[in-house]
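The chain contents come next:
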Amino acid sequence: MTAKLIVIGLDAAEGSLIEKWASEGVMPHLASLMRTGATYTVANPMETLPGAIWPELATGVSCKRTPHYYHPRQLHTGEASKRPIDENDVDPETYYWTRASRGGARVAAIDMPQTLLAENFNGVQLLEWGLHDRNFEIASDPPQLLETVRNRWGDHPVDVCDTHQRSPDGYRRLINGLKRGAAAKTELSLSVLESEAWDLFTCCFGETHCVGHQFWHFLDPSHPWHDPHAPAEFRNAIRDIYTAIDAGVGQLIAASGPGAEVIVVASHGMGLYTGGPQLLPEALARLGLSSVESDKPAGKVLRNLQKSNHPVIAATRETVKRLLGKQAIKSLQTFSGSLHEPFESPRTRAADVPNNRCGAIRLNLKGREPLGAVAPGNEEADVTETIREALLELVHPHSGERVADRILTAREAFGPDHHPDVPDMMIIFRDDLGVIDAARSNRLGLIEAPNFKPNLPRSGDHTVQSRFFIRSPRVNAGARLREGNVLDLTPTVLAMLGLPASGDLDGEPLLRRTSVAAE
């Protein structure tokens, strides 16, 4: 046996597609795992703080306590400007593989999303070699592992999957790169797995994430871009990547040995990119709560230039910043109504904050924000209810159906003891209306904001589907359960390794709930 327990992540792999293609024989190895193990459909933070999915999986600690919900650009309490989550914000000691290492287990961790190297690790670590989200740096422990990987496989063929062109050549380069990347990830994972006997081996495939974002419209006839006559290599791209990774999963499970326990994690799903959060800046501006002026043409131009990732625009933007200086830039932004850091202005009473598929709003509270404008208590409650009522009045221009499904405050979602970095309001937009590019109400009029962004050419976005597929003598073979939470992964791993769970975990071992024992 090369591993007592193997944990394999499938980043943003849609659970319903896995189950469909497994039943059709397209994914035979996961089909076998479902027959010989248990399938769990588990709850997750996808309707509150979607970006917290991997931190919760990796740590077993709720996002209400460690609110790492938008790694690229998040607002932190006491700071007026959004910034990336950095190394000082993250504690690698909380990962399940680090906890296992500290418990004396020999561990290998390969490409686990949104994580950092732990020090004095009992095993090997390789991070951010081939992932969809690269928030820190490619690194390994020991350092020569990364050198070995690069000498044998090079860098992952796809660095950033959003930079392809929406053309046949662009899509072809991308899908071929993802296929090569999936094959290389399988090979390098096998090389580490087979290098010694591990107590815990954990790795993650990121290609499922990228292919879902970029190729969804080729699969889904409901997408406005769908072309039923598109080349078969594009129409079958998602299935082909899932099939390739299924083969890799099969090889890793086989190499781990016949007595190994197995967990395969489909972190969160993928479906039609419906949108909705992009309507929030204009809605708040029309309510008079934002420092960004409503629909001011100059402001629109500057905001688009600020957000663009086009290399020429980005280079020009940096040159202008150097020539004019920060204060001149800020004055121009304020004049044009395009100030892109609203909490730098005392005129802001509420602003949207990035939160992936779920809309989020933060109030500019006195005593919490550097330039607070809203008093806690009655004024805070009044602003919150004004926003809630106005957003719930918005309807789809064509169907007349309300576009927001639910609106939760942080207290409603997480209780009174949540971390102050958590957004004050979370807006769950409906996903059964198609693409939401506009909404209207008597109060706010017609708001139009395209969901498609030229610098982010995605047709697929995340769904709330999360799956655990577990093979162990401690679960019922073939069982299908709708219970548990992604927070349960860490305590389940520790329980399967015979290690105690510390009191800081918010989940509990799934094995307690289902099953069977093999004493």
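As a reminder, the structure under discussion sits directly above these lines.
The structure reproduced in this document is the subject of the present report. As the structure is a computational prediction, the values presented were derived from the model and not from experiment.

So, about helix α7 (residues 207–219). An α-helical turn contains 3.6 residues, so any two residues separated by three or four positions project in the same direction. Remark: the principal bend of α7, roughly 50°, maps to His 213. The buried fraction of α7 is high, at twelve of 13 residues. For α7, every residue scored as buried is listed here: Glu 207, Thr 208, His 209, Cys 210, Val 211, Gly 212, His 213, Gln 214, Phe 215, Trp 216, His 217 and Phe 218.

The next subject is the packing of helix α1 (residues 15–23) against helix α2 (residues 28–36). Between α1 and α2, the shortest axis-to-axis distance is 8 Å and the interhelical angle comes to 95°. Our classification of the angle between α1 and α2 gives roughly perpendicular. Only Leu 30, Ala 31 and Met 34 of α2 make contact with α1, whose side of the interface consists of Ile 18, Glu 19 and Ala 22.

Counted by the stated rule, this structure contains two cavities of 30 Å³ or more. Put simply, the largest cavity is a space of about 80 Å³. Here the residues of the lining of the largest cavity sort into six nonpolar, four polar and two charged. What lines the second largest cavity is Val 7, Ile 8, Gly 9, Trp 54, Tyr 96, Met 112, Thr 202, Cys 203, Val 265 and Leu 489. For the lining of the second largest cavity, the secondary structure elements donating two or more residues are β1 (3–10) and β6 (198–205). The element best represented in the lining of the second largest cavity is β1, accounting for three residues. Per-class residue counts for the lining of the second largest cavity are eight nonpolar, two polar and no charged.

So, on to unusual backbone geometry. With an omega of 5°, the peptide bond between Asp 141 and Pro 142 qualifies as cis. Within the secondary structure, Pro 142 is located in the loop between β5 (139–141) and α5 (143–153). For Glu 128, which is not glycine, the phi torsion reads 65° and is therefore positive. Tracing the backbone shows Glu 128 in the loop between β4 (123–127) and β5. For Glu 128, a relative accessible area of 1% gives the class buried.

Here we take up the sheet that holds strand β11 (residues 404–409). Within a beta sheet, neighbouring strands are joined by backbone hydrogen bonds and run either parallel or antiparallel to one another. Spatially, the four strands line up as an open sheet ordered β9-β10-β12-β11, and their pairing is antiparallel. Every interior strand has two partners, whereas the edge strands, β9 (350–352) and β11, have only one. In this sheet, neighbouring strand axes are inclined to one another by 20° on average, regardless of whether the strands run parallel or antiparallel. Packing of helix α14 (residues 378–393) onto the sheet brings it into contact with β9, β10 (359–363), β11 and β12 (425–429), and relative to β11 it is tilted by some 170°.

All right, on to the sheet that holds strand β7 (residues 261–266) then. Spatial ordering of the open sheet is given by β5-β4-β3-β6-β1-β7-β16-β2-β17, a layout of nine strands whose pairing is mixed. The strands lining the two open edges of the sheet, one partner per strand, are β5 and β17 (480–481). The sheet strands contacting α1 are β1, β2 (38–41), β7, β16 (467–471) and β17, and the helix crosses β16 at an angle near 50°.

Cut-offs and rules
- Residues numbered from 1 in each chain as written.
- Predicted model: local features only at pLDDT ≥ 70, side-chain atom pairs only at ≥ 80, totals over all residues.
- Heavy atoms only, no water.
- Bend = angle between axes of the 7 residues up to and from the residue.
- Helix = DSSP H or I, 4+ residues; strand = E, 2+ residues; numbered from the N terminus.
- Buried < 20%, exposed > 50% of the residue type's maximum accessible area, 1.4 Å probe, protein only.
- Axes fitted to C-alpha atoms, helices over the stretch in contact; angles between N-to-C directions.
- Parallel < 35°, antiparallel > 145°, perpendicular 65-115°, else oblique.
- Contact = heavy atoms within 4.5 Å.
- 1 Å grid on protein atoms, 1.4 Å probe; cavity = no way out; pocket = protein on both sides within 12 Å on 5 of 7 lines; lining within 4 Å.
- Points joined across faces, edges and corners; volume = space filled by probe spheres on them.
- Nonpolar A, V, L, I, M, F, W, Y, C, P; charged D, E, K, R; others polar.
- Pairing = 2+ DSSP bridges.

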